[in-house]
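Here is what each chain is made of, one letter per residue.
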Amino acid sequence: MNKLQAMEVFVQVVDAGGFTRAAENMQIPKATVSTLIQGLETALSVKLLHRTTRQINVTADGAAYYERCLRILSDVREAEESLSRTRLSPSGRLRVDAPTGLASDVLMPALPAFFDRYPDIVLELGCSDRPVDLIEEGVDCAVRGGALDDSTLIARRIGVINFVTCAAPAYLARFGTPQHPRELERHRCVNYFSSKTGKTFDWNFTRDGERVQLPMPGLIALNDSNAYVQAGLAGLGVVQMTDFALLPMIRDGRMVPILSDWATDPLPIHVVYPQNRHLSAKVRVFVEWVSDLFASHPGMRVKAPAGQALPSLENAA
């Protein structure tokens, strides 16, 4: 039995909460996972896992052994990387998850430069506005927007997203242009709902110390940023979306900014990864790269004061 491989498999089983998920994450047969765990328990003469038909629980001995395995595997990988080209040229499969809009508008245009720098990394980029479970789904790191509610993850803030309120010209011609946020209560708005909670998000506006936060009336609510933008272009209502996503449509006249003298709350952006995993070279270089990318991206800067929002967009070109 390869003891190091068995330790890696054991850590994956504990992290993933089962043999099947661990086998999928490691891309090995489930039977191999089961055989290695059994061999490890036999060699140690202890029970590491309690198995039932529904779930797997770690024994007290298993929990202690798991912590030791993490440290040992981390030391082994660090030693290997220090003696190989991995530190200079990271390689292997890297699984990353990012919101759809950020992936298409920010990450994708910059990826050619990433691959020029790291040609041996094979990137699997999940693009979804659905929050993923990094451990359960075998994701190495993720880019996330908004408040973080998972304390088991290490988070690094890399920027903010600013929003602009817009509508299609045809919509404004039919329903008029609101001059105050509360006038939106008499309009149609395209709402966005959380994939996790199903809750529709309120809109917020601030100007000269006055703050307005309210739910919006509308005929449609969506949970995908690309579909959300298309709904606005179709004239289904007023939208409030990231400025870098709407800027091309503002420039060519397909969308018209409204309430430009009102500011909206920026959304913090983080890159997150599990704290109980060794930060491999490929994850480390991606975290550094995406941090630099967002730090230098004009759409991630703190928005100009109310009344100057649109000029700041134009200067971002």
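Further up the page is the structure itself.
Below is a short write-up of the structure.

What counts as what
- Residues numbered from 1 in each chain as written.
- Predicted model: local features only at pLDDT ≥ 70, side-chain atom pairs only at ≥ 80, totals over all residues.
- Heavy atoms only, no water.
- Pairing = 2+ DSSP bridges.
- Helix = DSSP H or I, 4+ residues; strand = E, 2+ residues; numbered from the N terminus.
- Contact = heavy atoms within 4.5 Å.
- Axes fitted to C-alpha atoms, helices over the stretch in contact; angles between N-to-C directions.
- Buried < 20%, exposed > 50% of the residue type's maximum accessible area, 1.4 Å probe, protein only.
- Core = buried A, V, L, I, M, F, W, Y, C linked by side-chain atoms within 4.5 Å.
- Salt bridge = Lys/Arg side-chain N within 4 Å of Asp/Glu carboxyl O.
- Expected span 1.5 Å × (residues − 1).
- Arc of directions from axis to C-beta.

1. A few points about the sheet that holds strand 13 (residues 256–257)
- Read from one edge of the open sheet, three strands run 12-7-13, paired in antiparallel fashion. Only two strands of the sheet have a single partner each, and these edge strands are strand 12 (239–242) and strand 13.
- Bridge count between strand 7 (residues 163–167) and strand 13: two bridges; the pairing is antiparallel. Paired with C166 across the two strands is P257, which belongs to strand 13.
- Packing against the sheet, helix 8 (residues 243–251) makes contact with strand 7, strand 12 and strand 13, and its axis sits at approximately 110° to strand 12.

2. Re the side chain of T100
- Take T100: it is sitting in helix 5 (residues 100–117).
- For T100, a relative accessible area of 8% puts it in the buried group.
- Every residue in contact with T100, bar those within four places of it in the chain, is listed here: C127, S128, D129, D224, S225 and N226.

3. Brief notes about the sheet that holds strand 14 (residues 267–274)
- One open sheet accounts for five strands, arranged 4-3-5-14-6; its pairing is mixed. Taken across any chain shown, the strands that pair with only one partner, and hence form the sheet edges, are strand 4 (121–127) and strand 6 (153–161). Looking at each pair of strands side by side, their axes are set apart by 20° on average, direction ignored.
- One ladder, built from two bridges, connects strand 3 (residues 92–98) with strand 5 (residues 141–145); its direction is parallel. Residue V96 lies in a different strand from strand 5, and its bridge partner there is C141.
- Of the strands in this sheet, strand 3, strand 4, strand 5, strand 6 and strand 14 touch helix 9 (residues 281–296), which is tilted by about 25° from strand 6.

4. Section: the nonpolar core
- In terms of nonpolar packing, the biggest core is built from 59 residues, with L184, L246, W289, V290 and F294 touching the most fellow members.
- Looking at this core, the element that brings in the most residues is helix 9, giving eight residues.

5. Here's the deal with the pairing of strand 14
- Burial runs high along strand 14: six of the eight residues are buried.
- The pairing of strand 5 with strand 14 spans four bridges and is classified as antiparallel. Directly across from A142, in strand 14, lies its bridge partner V272.
- In this sheet, strand 14 lies alongside strand 6 in antiparallel orientation, the contact comprising eight bridges. Within strand 14, the residue paired with V160 across the bridge is P268.

6. Some details on the pattern of salt bridges
- Counted under the stated rule, the structure contains nine salt bridges.
- E136 serves as the salt-bridge partner of R21, at 3.7 Å between the closest nitrogen and oxygen. Here R21 is found in helix 2 (residues 19–26), whereas its partner E136 is found in the loop between strand 4 and strand 5, with 115 residues between them in sequence.
- Given a relative accessible area of 30%, R21 falls into the partly exposed group.
- E41 is the salt-bridge partner of R51, the closest N and O atoms lying 3.1 Å from each other. Remark: E41 occurs in helix 3 (residues 30–44) and R51 occurs in strand 1 (residues 49–51); sequence separation between them is ten residues.
- Accessibility expressed as a relative area gives 33% for R51, which makes it partly exposed.

7. Some details on the environment of A234
- Along the chain, the position of A234 falls in the loop between helix 7 (225–233) and strand 12.
- Sequence separation between A234 and R254 is 20 residues, and the spatial gap between their C-alpha atoms is 9.7 Å.

8. Remarks on helix 3
- For helix 3, which comprises 15 residues, the first-to-last C-alpha distance of 21 Å matches the rise-based estimate of 21 Å (1.5 Å per residue) to within 8%.
- Listed as buried for helix 3 are V33, L36, I37, L40 and E41. Buried residues of helix 3, seen end-on, are gathered within an arc of 135° and therefore sit on one face of the element. Those residues of helix 3 that are exposed and aimed more than 90 degrees away from the buried face are A31, T35 and T42.
- S45 sits one or two residues past helix 3 and shows a positive phi near 60°.

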